[in-house]
Amino acid sequence: MKDYSAMLAKQKEFFLSGKTLPYKARKENLGKLLSALKANEDAIIAALHEDLGKSPFESYATEIGIAYGEIRYLMKHLRKLMAKKRVASPITIFKASSYTVSEPMGNTLIFSPWNYPLQLTIVPLAAAIAGGNTAIVKPSRYSKSTSALMARIISETFSEEYIALVEGGHEENTALLELRYDMIFFTGSPNVGRIVAEKAARTLTPCVLELGGKSPVIIDGTLDMDLTARRLMWGKLLNAGQTCVGPDYVLVKKGYEDALISAIRRQSARMYPEPLSSEEYPKIINEKHFDRLCSLIEGSEVALGGASDRASRKIEPTVLYPVKETDPVMQEEIFGPVLPILTYSSLDEAIAFIRKREKPLALYIFSKDKAAIGKVHSSVSFGGGCVNDTVIHLSNPRLPFGGVGASGMGAYHGRRSFESFTRRKSIVNEATWIDLPIRFAPFGNKIRLLRKLM
Ligand code: NAD
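A quick note: this is a predicted structure, and the numbers were derived from the prediction, not measured.

## Comments concerning the sheet that holds strand β9 (residues 249-253)
Argument step 1. Ordered by their spatial adjacency, seven strands build an open sheet running β10-β13-β14-β9-β8-β15-β16, and the pairing between neighbours is mixed. The sheet terminates laterally at β10 (302-304) and β16 (384-387), the two strands that pair on one side only. Geometrically, the sheet is characterised by an average inter-axis angle of 25° between neighbouring strands, direction not taken into account.
Argument step 2. When β9 meets strand β14 (residues 338-344), the two strands line up parallel, connected through four bridges. Its bridge partner being in β14, V250 is matched across the sheet by I341.

Quick look at the structure:
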């Protein structure tokens, strides 16, 4: 195994040289990253197909296009993001100018998962560059073709003392976490997120944790069922359900379950008439996850799909109904094309059901009832979400993306990405042409004036 301590020491030296700081350098490096990705676009599409069976369309829509969009946003707004920001001064220091100055976090570590291996590595990396940091990037061992390709792209584009990509698994993760950084950006499961936060706490290293969990969908039956089912299944079947913000389970108003299941059957068949042999339908990342998902289906009541093919690691779009709160499928994040459906009698009951569990990364509601939507949004804590759609909230770089509680802490995308990889120093620049005597001893009865000022 490589000496990561020496690698980080070189990055510390490089950061202290100041080379990562100038606007021009940051912008050029973002441009280099964008060009390198573009030059390798066909290879990226091939690697994502190799790892996850993604179609070129899906790879572009959910990985490549999003990475390009984020890099372009940061390039376009970089000067403004880096700028000194003036704020007003209170009367007690009325002659001073008050402002904040942006500074990079410094030497950063980025862990990314296997499900969107390109997007979830490149988007935080672009933010690290825009912020003026160095980065050690550690993608997942499971998505090995994309990780190997990114390792080549990064090493051809940047020097290791600036940006380094480490391939590998547990041994590398553990060794990297033993070192001291200025910031850790982690995307992955809540369980590993906890390990990262504990390690970071020992050195008081700030971390952003982008985690997962069970994201619910509420369907109250007021919206057209085919439109609902189409958008629901689009989000569920993206990357064959291996999406952190994918709809995990549905709570449908009692009485509408049959209509929903029929609409899901129709819409799912339109998108993937022959899912197990479809070139466009992604596969499960590995046999461990394939077996885990199959065991969630076994012993459940299957209302749609349920078949799978171990050789190609594909699992049909599967709906489980009826489902009990205590069933295994309701105990863990599903992360596959399996959708349990439960019913509720009143909106209060649906809200209570969600609030009893960990705060979800996403929440979706399909409804035409504005009061119901408002009530859900004001009473349930969750990372982010959509009304009458799924997943698309993360495609807007103007919306911060992140979880809450067990689904994460901190956020990124667009401006928020830059803010997460930098901090602002607060400065008061005091005037020198006058020096008001009130604050200096002796105080005498100056408190009377102070009371008026404060
Ligand atoms: P994971 O937690 O197993 O791994 C994530 C990353 O951490 C990988 O790079 C892995 O190599 C590394 N890692 C694993 N064990 C480690 C350890 N002990 N110490 C340090 N690093 C370690 O997650 P995964 O299986 O790759 O991804 C699936 C999870 O990620 C799901 O829970 C999903 O919801 C979540 N996720 C969240 C987002 C988000 O943006 N919030 C995006 C994608 C995935």
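Here the narrative resumes.
## Observations concerning helix α12 (residues 347-355)
Argument step 1. Residues L347, A350, I351, F353 and I354 constitute the buried set of α12. Looking straight down α12, one finds that the buried residues subtend no more than 160° of arc, so they occupy a single side.
Argument step 2. Buried positions along α12 lie against β8 (216-219), β9, β14, β15 (362-366) and α13 (370-379).

## So, a nonpolar patch on the surface
Argument step 1. A cluster of nonpolar side chains, contributed by I91, F94, L436, I447, L449, L450, L453 and M454, occupies part of the molecular surface with about 760 Å² of accessible area.
Argument step 2. Within the secondary structure layout, I447 lies in helix α15 (residues 447-453).
Argument step 3. What makes I447 partly exposed here is its relative accessible area of 45%.

## Quick notes on the site of the ligand
Argument step 1. Within the structure, the ligand sits among 26 residues, and S112, W114, S189, L211 and E333 are positioned closest to it.
Argument step 2. W114 is positioned with one of its side-chain polar atoms (N or O) 2.9 Å from an oxygen atom of the ligand.
Argument step 3. Between E333 and the ligand, the recorded distance is 2.6 Å, taken from a side-chain N or O atom to an oxygen atom.
Argument step 4. Across the complex, the protein chains shield 89% of the 850 Å² of accessible surface that the ligand would expose by itself.
Argument step 5. Element by element, the count of residues in the shell around the ligand is highest for helix α8 (residues 190-202), at three residues.

## What about the environment of L304?
Argument step 1. Within the secondary structure, L304 sits in strand β10.
Argument step 2. Along the sequence, L304 and I373 sit 69 residues apart, while their C-alpha atoms lie 29 Å from each other.
Argument step 3. Beyond its immediate chain neighbours, meaning those up to four positions away, L304 contacts I264, R265, S268, P317, T318 and V319.

## Notes on the sheet that holds strand β1 (residues 85-87)
Argument step 1. The three strands lie next to each other as β1-β2-β18, forming an open sheet whose pairing is antiparallel. Looking at the sheet topology across the chains shown, the edges are occupied by β1 and β18 (422-429). The average angle at which neighbouring strand axes cross in this sheet is 30°, direction not considered.
Argument step 2. Where β1 lies against strand β2 (residues 97-104), three bridges are found, and the strand directions are antiparallel. Bridged to R86 within β2 is Y99.

## Overview of the packing of aromatic side chains
Argument step 1. This structure, assessed with the given rule, holds ten aromatic pairs.
Argument step 2. Centre to centre, the rings of Y60 and Y68 are 6.0 Å apart; their planes meet at 80°, and the pair counts as edge-to-face.
Argument step 3. Under the relative-accessibility criterion, Y60 is labelled partly exposed at 38%.
Argument step 4. Where F158 meets Y162, the ring centres are 5.6 Å apart and the plane angle is 85°; that geometry is what we call edge-to-face.
Argument step 5. An aromatic cluster of at least three residues, connected via ring pairs, comprises F185, F401, Y412 and F421.
Argument step 6. One residue, R79, lies across the ring of Y23, its end atom 3.9 Å from the ring centre.
Argument step 7. Of note, R357 hangs over the ring of F353, and the distance from its end group to the ring centre comes to 3.8 Å.

## Quick look at the packing of α12 against α13
Argument step 1. Between α12 and α13, the shortest axis-to-axis distance is 11 Å and the interhelical angle comes to 25°. As judged from the angle between their axes, α12 and α13 are roughly parallel. Two packed elements cross with a definite hand, and for α12 against α13 that hand is right-handed. In this structure, α12 uses L347, D348, I351 and R355 to contact α13, whose residues at the interface are A372, K375, V376 and S379.
Argument step 2. The residue inventory of the contact of α12 with α13, partitioned by class, reads four nonpolar, one polar and three charged.

## Some words on the domain arrangement of the chain
Argument step 1. Each assigned domain of the chain is listed with its residue range as follows: domain 1 (4-211 + 404-426) and domain 2 (216-395).
Argument step 2. Look at where the C-alpha atoms of domain 1 and domain 2 centre, and you get two points 31 Å apart.
Argument step 3. Opposite the 20 residues of domain 1 that make contact, domain 2 presents 25 residues.
Argument step 4. Seen at the junction of domain 1 and domain 2, the total is zero salt bridges.
Argument step 5. When contributions to the side of domain 1 that touches domain 2 are tallied by element, the ones reaching two or more residues are α3 (41-52) and α4 (56-82).

How each quantity is defined
Position labels on residues start from 1 in each chain and follow its written sequence. Owing to the predicted nature of the model, reporting of local features is limited to residues with pLDDT of at least 70; listing and counting of side-chain atom pairs is limited to 80 or more, with chain, interface and lining totals taken over all residues. Hydrogens and waters are ignored; side-chain quantities use all the structure's heavy atoms. Paired strands, in this sense, are two strands between which DSSP finds at least two bridges. Helix and strand labels come from DSSP, where a helix needs a run of H or I of at least four residues and a strand needs a run of E of at least two; each type is numbered from the N terminus. Note on geometry: axes are lines fitted to C-alpha atoms, helical ones only across the stretch in contact, with angles between N-to-C directions running from 0 to 180 degrees. Summary of the burial criterion: residues with accessible area below 20% of their type's maximum are buried, those above 50% are exposed, and those between are partly exposed, where the area comes from a 1.4 Å probe applied to protein chains only. The arc under discussion is defined with respect to the helix axis, by the directions toward the C-beta atoms. Note on contacts: a residue pair qualifies if any of its non-hydrogen atoms lie within 4.5 Å across the two residues. A patch is a set of surface residues, each over 30% in relative accessible area and not in a salt bridge, joined within 9 Å for like charges and within 5 Å for the nonpolar side chains Val, Leu, Ile, Met, Phe, Trp and Tyr. All accessibility values rest on the Shrake-Rupley procedure with a 1.4 Å probe; residue burial counts only the protein chains present in the view. The rule for a salt bridge is simple: a side-chain nitrogen of Lys or Arg has to be within 4 Å of a carboxyl oxygen of Asp or Glu. The near set for a molecule or strand comprises every residue that places at least one heavy atom within 4 Å of it. Here a polar contact means two N or O atoms within 3.5 Å. Within protein one must be a hydrogen donor candidate and the other an acceptor candidate, and residues neighboring in sequence count only if both atoms are side-chain atoms. Note on ring pairs: Phe, Tyr and Trp rings are taken, using the six-membered ring of Trp, and paired if centres are within 6.5 Å. Classes follow the plane angle, with under 30 degrees stacked, over 60 edge-to-face and the rest tilted. Lysine NZ or arginine CZ positioned within 6 Å of the ring centre and within 35 degrees of the ring normal marks a charge as sitting over the ring. Roughly parallel covers angles under 35 degrees, roughly antiparallel covers those over 145, roughly perpendicular covers 65 to 115, and oblique covers all other angles. Note: crossing handedness is left-handed where the near helix turns anticlockwise from the far helix by less than a right angle, and right-handed where it turns clockwise. Residues are grouped as follows: nonpolar covers Ala, Val, Leu, Ile, Met, Phe, Trp, Tyr, Cys and Pro; charged covers Asp, Glu, Lys and Arg; every other residue, Gly included, is treated as polar. An automatic or database domain assignment provides the domain bounds reported here.

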